[in-house]
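# Working through the structure, step by step
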Amino acid sequence: MGQIYRHDIMRVHFTVDMEGMAGMAHEDQADMKGLDFPRMRELLTNEVQAAVEGAKEGGAKEIVICDAHDTGRNLILEKLDEDVIVIEGTAYNLGMMAGISEDFDAAFQIGYHSMRDTHAGTIGHTYSYNFAELQLNGIKVGESGLSAAIAGHFGVPVVLVSGDLHAVKEAQKLIENVVGVPTKEGLGVYGVKSLTPKRACDEIRKGAKEAMGKVGSVRPFELAKPVKMEVAFIRTVMAQYAAQLPLVERTGNKSVAYEAKDMVDAFSVFEVMAMVADSSGREGYL
Ligand SMILES: [Zn+2]
């Protein structure tokens with residue numbers, strides 16, 4: 001593909017999830033094999049396209065979009081502006097932030113949902129449904145905070161978060177002046193009060209343009225090194241296996257800790273822990 005990136009223009013990274021998009025109330029709707037999926041992926045694509053348009057109105061010249069939900073095959077690429085770059089599938093590096101680097105000026109989070117056990121946050125989780133809680137340097141984070149910390153590692157500020165109001169609030173706690181576009185308000189694990197798709201897109205377009213005006217004034221969410229990562233699982237057996245990873249310490253029946261040299265190191269171990277939890281969870285009920 002040759003040299004895609006130049007250093008003299010405004011470059012924005014998007015991470016796109018699904019559970020936080022307008023209208024979505026149940027994980028079945030985000031499941032590729034689900035009846036509602038074809039419709040939801042189209043609506044999600046519209047939200048992303050709205051963010052692309054807003055970002056460009058605000059001065060973005062290059063946009064790289066990480067299709068970050070599940071196996072990364074959600075967006076309908078032919079419906080996006082033809083000049084964006086899209087990361088599809090399960091890139092092995094940096095998870096939902098695949099593609100991020102020091103070359104970017106800003107990061108967007110689209111379709112984001114809350115962490116698990118958030119009051120009224122819909123379909124809340126962090127990567128795996130087997131994680132009960134994640135803390136980085138003592139700060140409780142969900143996917144929004146985790147993605148922001150990875151962007152922060154590269155010095156890139158998150159300037160826009162759209163999705164469930166509860167995810168927007170999570171982001172606003174960590175990032176001063178981030179533009180939040182709630183497209184729905186989670187009313188419970190499986191309930192939302194939502195904007196219509198058209199209205200959600202209008203709000204995202206406006207928010208994206210506004211967010212581009214914040215580039216330079218919003219600070220990256222950068223964690224001090226080493227990064228202390230504390231993970232609680234929903235079952236004891238998961239912590240038991242996770243603690244077998246080198247340098248991972250068992251801190252409780254269901255919890256482990258790892259001192260990472262930086263955020264990229266922390267995330268690599270976190271992702272392996274998700275795989276360990278997902279496979280050891282099949283062993284039984286404990
Ligand atoms: Zn997610």
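Everything here concerns the structure above.
So, a few notes on the structure that sits alongside this text. Small disclaimer: the values here were computed from a predicted structure and weren't measured.

### Some details on the coordination of the zinc ion
With distances of 1.9 to 2.1 Å, the protein atoms coordinating the zinc ion are Asp17 (OD), His113 (NE2) and Glu143 (OE). Residue classification places histidine 113 among the buried positions, given a relative accessible area of 0%. Residue glutamate 143 is classed as buried on the basis of its relative accessible area, which comes to 2%.

### Looking at the layout of surface pockets
Estimates place the volume of the largest pocket at around 810 Å³. Taken together, 33 residues line the largest pocket, and the ones lying closest to its centre are Ala68, His69, Asp70, Thr71 and Tyr127. Of all the elements in the fold, those that place two or more residues in the lining of the largest pocket are strand 2 (62–67) and helix 6 (263–280). Take the lining of the largest pocket: its biggest share by element is 4 residues, from helix 6. Split into classes, the residues belonging to the lining of the largest pocket amount to 12 nonpolar, 10 polar and 11 charged. The residues that make up the lining of the largest pocket include at least three from each of domain 1 (11–126 + 142–212) and domain 2 (227–283). Along the walls of the second largest pocket sit 14 residues, with Met115, Thr118, Lys140, Glu170 and Lys173 positioned nearest its centre. If you list the elements that add at least two residues to the lining of the second largest pocket, you get strand 6 (139–140) and helix 3 (165–174). Considering every element that reaches the lining of the second largest pocket, the biggest residue donor is helix 3, with 5 residues.

### As for the pattern of salt bridges
Under the criterion given, the structure shown has 12 salt bridges. When the shortest N-O distance is used, the salt bridge between aspartate 36 and arginine 39 registers 2.9 Å. A relative accessible area of 24% means that aspartate 36 is categorised as partly exposed. The salt bridge partner of glutamate 203 is lysine 206, with a shortest N-O separation of 3.6 Å. With glutamate 203 and lysine 206 both in helix 4 (residues 197–212), this residue pair falls 3 residues apart, about one helical turn. What makes lysine 206 exposed here is its relative accessible area of 55%.

### Things to note about the packing of aromatic side chains
Under the counting rule described, the total for this entry stands at 6 aromatic pairs. Consider the rings of phenylalanine 131 and phenylalanine 270, whose centres lie 4.5 Å apart with planes at 20°: the pair is stacked. Note that phenylalanine 131 is positioned in strand 5 (residues 131–136) and phenylalanine 270 in helix 6, a separation of 139 residues in sequence. With relative accessibility at 2%, the residue phenylalanine 131 sits in the buried group. When the ring of phenylalanine 267 is compared with that of phenylalanine 270, the centres are 6.2 Å apart and the planes differ by 40°; the resulting orientation is tilted. Of the two residues, phenylalanine 267 and phenylalanine 270 both sit in helix 6, 3 residues apart, roughly one turn of that helix. For the pair formed by phenylalanine 267 and phenylalanine 270, the shared burial category is buried. Aromatic ring contacts, followed pair by pair, group Tyr127, Phe131, Phe233, Phe267 and Phe270 into a single cluster.

### Digging into unusual backbone geometry
In this structure, proline 226 follows lysine 225 across a cis peptide bond, with omega equal to -5°. Looking at where proline 226 falls in the secondary structure, it is placed in the loop between helix 4 and strand 10 (227–233). You will see that aspartate 117, though not glycine, has its phi angle at about 65°, which is positive. By secondary structure assignment, the location of aspartate 117 is in the loop between strand 4 (106–112) and strand 5. Classification of aspartate 117 as exposed rests on a relative accessible area of 68%. Within the chain, tyrosine 127 stands out as a residue other than glycine whose phi angle is a positive 60°. By secondary structure assignment, the location of tyrosine 127 is in the loop between strand 4 and strand 5.

Conventions we followed
Residues numbered from 1 in each chain as written. Predicted model: local features only at pLDDT ≥ 70, side-chain atom pairs only at ≥ 80, totals over all residues. Heavy atoms only, no water. Donors = N, O, S within 2.8 Å, 3.2 Å for Na, K, Ca; no water. Buried < 20%, exposed > 50% of the residue type's maximum accessible area, 1.4 Å probe, protein only. 1 Å grid on protein atoms, 1.4 Å probe; cavity = no way out; pocket = protein on both sides within 12 Å on 5 of 7 lines; lining within 4 Å. Points joined across faces, edges and corners; volume = space filled by probe spheres on them. Helix = DSSP H or I, 4+ residues; strand = E, 2+ residues; numbered from the N terminus. Nonpolar A, V, L, I, M, F, W, Y, C, P; charged D, E, K, R; others polar. Domains from an automatic or database assignment. Salt bridge = Lys/Arg side-chain N within 4 Å of Asp/Glu carboxyl O. Phe/Tyr/Trp six-rings, centres within 6.5 Å; stacked < 30°, edge-to-face > 60°.

Interpretation note: all reported values are geometric properties and have no functional meaning in isolation.
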